[in-house]
Amino acid sequence: MRVLGVDPGLTRCGVGVVEGVAGRPLTMVGVGVVRTPADAELGDRLVAIEQGIEQWLDAHQPEYVAVERVFSQHNVRTVMGTAQASAVAMLCAARRGIPVALHTPSEVKAAVTGSGRADKAQVGAMVTRLLRLDAPPKPADAADALALAICHIWRAPAHNRLQQAVALHASKGRTA
């Protein structure tokens with residue numbers, strides 16, 4: 001399974017591609033950040049993020065896109081920018097028919113470190129270890145994007161089994 005993880009943000013949108021399956025060593029395929037100038041117009045920034053994500057989709061051909069689910073923060077302006085960048089990533093994937101999964105920050109932290117309250121340094125250290133890298137990816141947005149991809153690879157099999165069970169149960173209810 002090849003997953004593009006996206007840590008959305010208007011100034012720095014982390015992107016990382018991980019390949020592998022649950023229970024086996026994972027491989028980092030690529031990692032980076034799509035950057036936009038803070039003083040640019042919002043529309044121009046969103047177009048730049050779209051172009052950057054499209055380039056990653058073209059270059060790496062992921063089977064899934066995992067995006068950090070936007071959660072409520074005290075700074076509404078930050079939440080809005082994150083939500084807008086998140087929507088761009090989902091749109092790019094949907095346009096190509098690539099399934100999108102949303103994972104909360106605590107889900108990702110728990111999957112990668114074992115604690116939903118882990119800090120950025122702990123996430124970076126575990127991403128480095130799990131992907132057998134020489135050093136944590138910089139900036140933290142890049143490491144977070146890889147953590148999202150890892151989380152999805154590890155959680156997708158269980159999620160798919162649950163969806164299949166729900167679908168089977170629903171189909172039995174219709175035939176009865």
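Computed from a prediction, not measured in an experiment: that's the story for all the values here. (Residues numbered from 1 in each chain as written. Predicted model: local features only at pLDDT ≥ 70, side-chain atom pairs only at ≥ 80, totals over all residues. Heavy atoms only, no water.)

Colleague: What's the story with the overall build of the protein chain in this structure? I'm lost.
Modeller: The helix and strand inventory of the protein chain stands at five helices and five strands. Listed by position from the N terminus, the elements making up the protein chain come as β-β-β-α-β-α-β-α-α-α. The C-alpha atoms of the protein chain give 17 Å as radius of gyration, which agrees with the globular expectation for 176 residues (16 Å, within 12%). On the principal axes, the C-alpha backbone points of the protein chain span a range of 60 × 35 × 35 Å. Looking at the protein chain as a whole, 40% of its 176 residues qualify as buried. A fraction of 62% describes how many contacts in the protein chain between residues 6 or more apart in sequence connect residues 24 or more apart. Summed over all atoms, the accessible surface of the protein chain reaches about 9,600 Å², with 55% contributed by carbon and sulfur. Side chains of the protein chain give 19 positive and 15 negative charges; the mean places of these two sets differ by 9 Å. (Helix = DSSP H or I, 4+ residues; strand = E, 2+ residues; numbered from the N terminus. Rg over C-alpha atoms; globule rule 2.2 N^0.38 Å. Buried < 20%, exposed > 50% of the residue type's maximum accessible area, 1.4 Å probe, protein only. Contact = heavy atoms within 4.5 Å. Areas by Shrake-Rupley, 256 points an atom, 1.4 Å probe, with all protein chains shown as cover. Lys, Arg positive; Asp, Glu negative; His and termini not counted. Charge placed at Lys NZ, Arg CZ, Asp CG, Glu CD.)

Colleague: Looking at this model, I keep getting lost on the packing of helix 1 (residues 42-60) against helix 2 (residues 76-95). Mind explaining?
Modeller: Angle between the axes and distance between the axes are the two parameters that describe a pair of packed helices. As a packed pair, helix 1 and helix 2 sit with axes 9 Å apart at the nearest point and diverge in direction by 40°. Comparing the axis directions of helix 1 and helix 2 gives the class oblique. For the crossing formed where helix 1 meets helix 2, the hand is right-handed. Taking contact as the criterion, the partners of Leu42, Leu46, Ile49, Glu50, Ile53, Glu54 and Leu57 in helix 1 are, on helix 2, Gln84, Ala85, Val88, Ala89, Cys92, Ala93 and Arg95. Residues belonging to the contact of helix 1 with helix 2 are distributed by class as follows: 10 nonpolar, one polar and three charged. (Axes fitted to C-alpha atoms, helices over the stretch in contact; angles between N-to-C directions. Parallel < 35°, antiparallel > 145°, perpendicular 65-115°, else oblique. Left-handed = near helix turned anticlockwise from the far one by under 90°. Nonpolar A, V, L, I, M, F, W, Y, C, P; charged D, E, K, R; others polar.)

Colleague: Got a minute to help me understand the environment of Val67 in this structure?
Modeller: Mapped onto the secondary structure, Val67 falls in strand 4 (residues 64-68). A relative accessible area of 0% places Val67 in the buried class. It is 25 Å that separates the C-alpha atoms of Val67 and Asp39, two residues lying 28 residues apart in sequence. What Val67 contacts, discounting residues up to four positions off in sequence, is Val6, Pro8, Ser86, Ala89, Met90, Val100, Ala101, Leu102, His103 and Leu148.

These figures capture arrangement, not role.
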